[in-house]
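Here are the chains, one letter per residue:
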Amino acid sequence: MENNNKKYSALHEKAGISPPEIISSSAVEQIQESRKIQPSSIELFRGILSGNITALSRAITLVESSNSNHLTKANEVINACLPHANKSIRIGITGVPGVGKSTFIEVFGKHLTGLGKKVAVLAVDPSSTISHGSILGDKTRMEELVKDANAFIRPSASGETLGGVARKTRETITLCEAFGFDTILIETVGVGQSETAVHSMVDFFLLLKIAGAGDELQGIKRGIMEMADAIVINKADGDNIRKSNLAKVEFGSALHLFPAKKSGWTATASTCSALTHDGIPEVWQTIEKFIELTKGNNYFQEKRTEQNQYWMLETINEQLKSNFYDHPEIKKLLDSTKSAVQNDEISPFAAAQIVLKRYFKE
Ligand code: GDP
């Protein structure tokens, strides 16, 4: 390559013209790649099935796009992938910032790939629109997992609404499953409604906590605890072990106070350390027990069917909403009715009726 470049430069010198910038072969490949016409949906689908990671990433980018042509193409790829999807375990992981989610996912993910699993890590983070990816955005947070050939990490999609972000992740699951990932980890941050959205797309929901100073049950939303199939108290290492064990007992008894779950599963409380790896294999063993139980009593499949129906309705809701709010005439009318409501010229309900009637052309 270097020799060729030298010859090339000498020729240009002889001819009295300055040689063109010498570019490396990888840069040439990149240029060729970018000049290629975009792959068709069938090419993307075939690429995904044959384990081509570029095809998977490109298909996810289509899913995340707001361009309507991309959306049509994304839907074609997803539909083609559907019969090949569904064969994974989907695990939701939540916890407040600082609890150790990314450290845990890195260690847990490595444990799973060590067991021969293929792991995809996705995220639902509605705040990423503002912060450009506060979770998973920075891949260096999972340095080891990023390098693992059997792992795939995709930061949260961005979007205007939680519903939009969650839908994109939901569809990305299908693509990842068709690709062959058998364990999907979905991270979400313990704020707002994002846990509910993640809960509605996973089989198992794990809440990460850290031991506090005896106030374990405070500051935790009852709803999140009720959704959890397991509470794992992280950072149970060094001086923190005793406190973590106490927290485990406290959470364990609190979990028993909740009504029995439809799954027949009783949520568990345990401790782990993402630093020392203590308790990490046990988390997977708990999940395996859950899967065995719920596949045995058919809850696993029933829940997935229910979730599919939920996502169909969610998607309709989302599309109706964006179609309504993006409508130029409605936008204008909303502006004027908003100020009329602000000035008490019209009641909020009457104003809403005016806008809705215009939309439905009544
Ligand atoms: P996230 O915001 O929930 O993703 O939390 P991070 O994974 O970024 O962890 C926050 C901090 O806690 C980092 O400084 C980690 O090194 C530390 N950390 C995470 N897990 C453990 C653990 O098991 N033990 C200890 N001692 N520190 C941990």
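If you're wondering where the values come from, they're calculated on a predicted model, not measured in any experiment. (Residues numbered from 1 in each chain as written. Predicted model: local features only at pLDDT ≥ 70, side-chain atom pairs only at ≥ 80, totals over all residues. Heavy atoms only, no water.)

Colleague: Honestly, the overall build of the chain in this entry has me stumped. Any pointers?
Modeller: Tallying secondary structure elements over the chain gives 16 helices and 7 strands in all. In the chain, the proportion of contacts linking residues at least 24 apart, taken out of those at least 6 apart, comes to 74%. By element, 54% of the accessible surface of the chain is carried by carbon and sulfur atoms, the whole surface being about 19,700 Å². (Helix = DSSP H or I, 4+ residues; strand = E, 2+ residues; numbered from the N terminus. Contact = heavy atoms within 4.5 Å. Areas by Shrake-Rupley, 256 points an atom, 1.4 Å probe, with all protein chains shown as cover.)

Colleague: What am I meant to see in the packing of helix α3 (residues 41-49) against helix α4 (residues 53-64) here?
Modeller: To characterise two packed helices, one gives the angle between the axes of the helices and the distance between these axes. Where α3 contacts α4, the axes come no closer than 8 Å and their chain directions differ by 130°. In this view, α3 runs oblique relative to α4, as classed from their interaxial angle. Considering how the two elements wind past one another, α3 and α4 form a crossing that is left-handed. Side by side, α3 and α4 meet where L44, G47 and I48 of the first sit next to A55, L56, R58, A59 and L62 of the second. (Axes fitted to C-alpha atoms, helices over the stretch in contact; angles between N-to-C directions. Parallel < 35°, antiparallel > 145°, perpendicular 65-115°, else oblique. Left-handed = near helix turned anticlockwise from the far one by under 90°.)

Colleague: Please explain the pattern of salt bridges as it appears in this structure.
Modeller: One side chain can pair with another of opposite charge once the charged atoms of both are near each other. Under the criterion given, the structure shown has 8 salt bridges. In this structure, E177 and R90 form a salt bridge, with 2.7 Å as the shortest nitrogen-oxygen distance. Of this pair, E177 sits in helix α9 (residues 162-179) while R90 sits in strand β1 (residues 89-95); the two residues are 87 residues apart in sequence, bridging distant segments of the chain. Under the relative-accessibility criterion, E177 is labelled buried at 5%. Salt-bridge contacts for E171 lead to R167; the nearest nitrogen and oxygen are separated by 2.9 Å. Of the two residues, E171 and R167 are both situated in helix α9; the distance of 4 residues between them amounts to about one turn of the helix. (Salt bridge = Lys/Arg side-chain N within 4 Å of Asp/Glu carboxyl O. Buried < 20%, exposed > 50% of the residue type's maximum accessible area, 1.4 Å probe, protein only.)

Colleague: Got a minute to help me understand the side chain of D229 in this structure?
Modeller: Counting through the fold element by element, D229 comes out in the loop between α11 (222-227) and β6 (230-234). Those residues within four positions of D229 in sequence are excluded, and the remaining contacts are D203, F204, F205, K261, W265, A267, T268 and F290.

Colleague: Explanation requested: the site of the ligand in the structure shown.
Modeller: Around the ligand, a shell composed of 15 residues is seen, among which K101, T103, R141, D237 and A274 lie nearest. Note that a nitrogen atom of the ligand is positioned 2.6 Å from one of the side-chain N or O atoms of D237. In isolation the ligand has 580 Å² of accessible area, and contact with the protein removes 70% of it. If you tally residues by element for the shell around the ligand, the top one is helix α6 (residues 101-114), at 3 residues. (Near = heavy atom within 4 Å. Polar contact = N/O pair within 3.5 Å; in protein donor to acceptor, adjacent residues only side chain to side chain.)

Colleague: I keep staring at the environment of D182 and nothing clicks. Help me out?
Modeller: Its place among the elements puts D182 in the loop between α9 and β4 (183-189). On the basis of relative accessible area, D182 is assigned to the partly exposed category, the value being 25%. Measuring from C-alpha to C-alpha, the distance between D182 and N86 comes to 9.0 Å, with 96 residues separating the pair along the chain. Within the structure, D182 has its side chain in polar contact with the side chain of T183 (distance 2.9 Å).

Colleague: Would you take a moment to explain the sheet that holds strand β5 (residues 204-210) for this structure?
Modeller: By way of backbone hydrogen bonds, the strands of a sheet pair with one another, either parallel or antiparallel. Pairing in this open sheet of 7 strands is parallel, and the strands run β3-β2-β4-β1-β5-β6-β7 from one edge to the other. Every interior strand has two partners, whereas the edge strands, β3 (151-153) and β7 (268-271), have only one. Put simply, the sheet's adjacent strands are angled 20° from each other on average, direction ignored. The sheet contact formed by β1 and β5 spans 4 bridges and is parallel. From the neighbouring strand, G92 faces β5, where its bridge partner is F205. (Pairing = 2+ DSSP bridges.)

Colleague: Got a minute to help me understand a nonpolar patch on the surface in this structure?
Modeller: On the surface, a nonpolar cluster with roughly 400 Å² of combined accessible area is contributed by M312, L313, I316 and L320. Within the fold, L320 resides in helix α14 (residues 299-325). (Patch = residues over 30% accessible without salt bridge, like charges linked within 9 Å, V, L, I, M, F, W, Y side chains within 5 Å.)

Colleague: What should I look at first to understand empty space enclosed by the protein in this one?
Modeller: Over the atoms, a rolling probe the size of a water molecule traces out where space has been left empty. Enumeration according to the criterion identifies 2 cavities of 30 Å³ or more in this entry. Of all the elements in the fold, those that place two or more residues in the lining of the largest cavity are β2 (119-124) and α9. Here the lining of the largest cavity gets 3 residues from one element, more than from any other, and that element is α9. Considered class by class, the residues forming the lining of the largest cavity number 4 nonpolar, 3 polar and 3 charged. (1 Å grid on protein atoms, 1.4 Å probe; cavity = no way out; pocket = protein on both sides within 12 Å on 5 of 7 lines; lining within 4 Å. Points joined across faces, edges and corners; volume = space filled by probe spheres on them. Nonpolar A, V, L, I, M, F, W, Y, C, P; charged D, E, K, R; others polar.)

So yeah, pure geometry; function would need other evidence.
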